[in-house]
Structures are given as structure tokens and as C-alpha cells.
Amino acid sequence: MRFTSEAACGDFLARLPDAPSRFGAMGQASEFRISLRNVALPGVSLVAGAGTAKATTHLGRRASLVIPFDRCETLLRTEGDEFRWAAPHHAFFIPAGERIAAESTAGSFLRLDLVEADLVRTAAGMGAGGQQPG
């Protein structure tokens, strides 16, 4: 879906399981452009996006892995710490329940919101030769 309105983008994101609490333009809102796609799979929800520079705040129930593409650069702040990450060599893991604030340049990204219990069960099954924990 393509958005030129922060409000319309926010309405779409609010319907996702772990939507950012704010996802909007950096600079003039009239320049806001973003395309998003969401795919829900067992144990993970994928959000792919591309667009203009954006600001995000997020407090999710699920752990998230964010992977930037197209030379996208992000300044991410969490509880007193500040991190810079950029494509093509960095990704960022956000633990469940951690509040983040991020500012990103124009570019694209993939965010995977993970159901940790499903991942733990899968990993345990792999380590036990395919047997699920009891």
C-alpha cells in the first residue's frame, strides 16, 4: 500500500499486531511518501517498507529485527543509549517491551516482529533432533 498521508499510514499500521505508536515524516509532512507491505506468518509478522525520511516511536510486545536496505541510515535511541546503523551491513534487534525512537533517511527496510515462544519451541526442536519439548 502506498501512503502520502501520515494519518492514513498510521491507520494502516494500527491494525498490525505490533505497530509503531508513531510513524511519520521527517521534515515537511507534505513530502511524506511510503509504501508498506505486511505479511503475517506463523510466529512472525513481516513489514516491508520504502519511502522518504521518517521518524518512528515504538513499544512492541514482540521482539523485532529490523534490516535496512538501499543505504538507509538510522539513528536509534533506547533508554539512554544511542545507536547508528546503516545498510548494507547492519541490522538491529529490539527486545520485546523496549521503547525505541528512530530517525531514518530515505530508503527501504524489512522488520520482522517475532513471537519468541514460537522461536524457542522451534530452536528446542532443532536441538533435540526434531523432538518438541514436553
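Residues numbered from 1 in each chain as written. Predicted model: local features only at pLDDT ≥ 70, side-chain atom pairs only at ≥ 80, totals over all residues. Heavy atoms only, no water.

**Focus on the overall build of the chain**
Working step 1: A count of helical and extended segments in the chain gives two helices and 11 strands.
Working step 2: In sequence order, the secondary structure elements of the chain are arranged as β-α-β-β-β-β-β-β-β-β-β-β-α.
Working step 3: Classification of the 134 residues of the chain by burial places 37% in the buried group.
Working step 4: Residue pairs in contact within the chain that sit at least 24 positions apart in sequence constitute 68% of those at least 6 positions apart.
Working step 5: Counting only carbon and sulfur atoms, one obtains 56% of the accessible surface of the chain, whose full area is about 7800 Å². (Helix = DSSP H or I, 4+ residues; strand = E, 2+ residues; numbered from the N terminus. Buried < 20%, exposed > 50% of the residue type's maximum accessible area, 1.4 Å probe, protein only. Contact = heavy atoms within 4.5 Å. Areas by Shrake-Rupley, 256 points an atom, 1.4 Å probe, with all protein chains shown as cover.)

**Observations concerning the confidence of the model for the chain**
Working step 1: Scored by pLDDT, the chain has a mean of 80; 87% of the residues are at 70 or more.
Working step 2: Ranking the elements of the chain by mean pLDDT puts strand β2 (residues 22-25) last, at 68, and strand β1 (residues 2-3) first, at 88. (pLDDT = per-residue confidence, 0-100.)

**Some words on the sheet that holds strand β9 (residues 92-94)**
Working step 1: Taken in spatial order, the six strands of this open sheet run β1-β3-β4-β11-β6-β9, and their pairing is antiparallel. Strands at the two margins of the open sheet, each flanked by one partner only, are β1 and β9.
Working step 2: Of the pairings in the sheet, the one linking strand β4 (residues 44-51) to strand β11 (residues 107-114) comprises eight bridges and is antiparallel in character. Residue pairing in the sheet places Ala-48 in a bridge with Leu-110 of β11. (Pairing = 2+ DSSP bridges.)

**Brief notes about the environment of Ser-5**
Working step 1: Looking at the secondary structure, you find Ser-5 in the loop between β1 and α1 (6-14).
Working step 2: When the C-alpha atoms of Ser-5 and Ala-25 are compared, they prove to be 9.1 Å apart, with 20 residues separating the residues in sequence.

**Things to note about the packing of aromatic side chains**
Working step 1: Inspection of the entire model under this criterion finds two aromatic pairs.
Working step 2: Their ring planes at 40° and their centres at 5.5 Å tell us that Phe-3 and Phe-12 sit as a pair that is tilted.
Working step 3: Residue classification places Phe-3 among the buried positions, given a relative accessible area of 7%.
Working step 4: Between Phe-83 and Phe-92, the ring centres sit 5.3 Å apart and the planes meet at 55°, which makes this aromatic pair tilted.
Working step 5: The class for Phe-92 is buried, based on a relative accessible area of 15%. (Phe/Tyr/Trp six-rings, centres within 6.5 Å; stacked < 30°, edge-to-face > 60°.)

**Here we look at the side chain of Asp-113**
Working step 1: Within the element layout of this structure, Asp-113 appears in strand β11.
Working step 2: Separated by 2.5 Å, the side chains of Asp-113 and Ser-64 make a polar contact.
Working step 3: At a separation of 2.6 Å, a polar atom in the side chain of Asp-113 contacts the side chain of Arg-111. (Polar contact = N/O pair within 3.5 Å; in protein donor to acceptor, adjacent residues only side chain to side chain.)

**Re the pattern of salt bridges**
Working step 1: By the definition in use, this model includes three salt bridges.
Working step 2: Across the pair Glu-82 and Arg-77 runs a salt bridge whose closest N-O atoms are separated by 3.3 Å.
Working step 3: Under the relative-accessibility criterion, Arg-77 is labelled partly exposed at 33%.
Working step 4: For Arg-111, the salt bridge goes to Asp-113, with nearest N and O atoms at 2.6 Å.
Working step 5: Residue Asp-113 is classed as buried on the basis of its relative accessible area of 1%.
Working step 6: The network of salt bridges with common partners includes Arg-77, Glu-82 and Glu-103. (Salt bridge = Lys/Arg side-chain N within 4 Å of Asp/Glu carboxyl O.)

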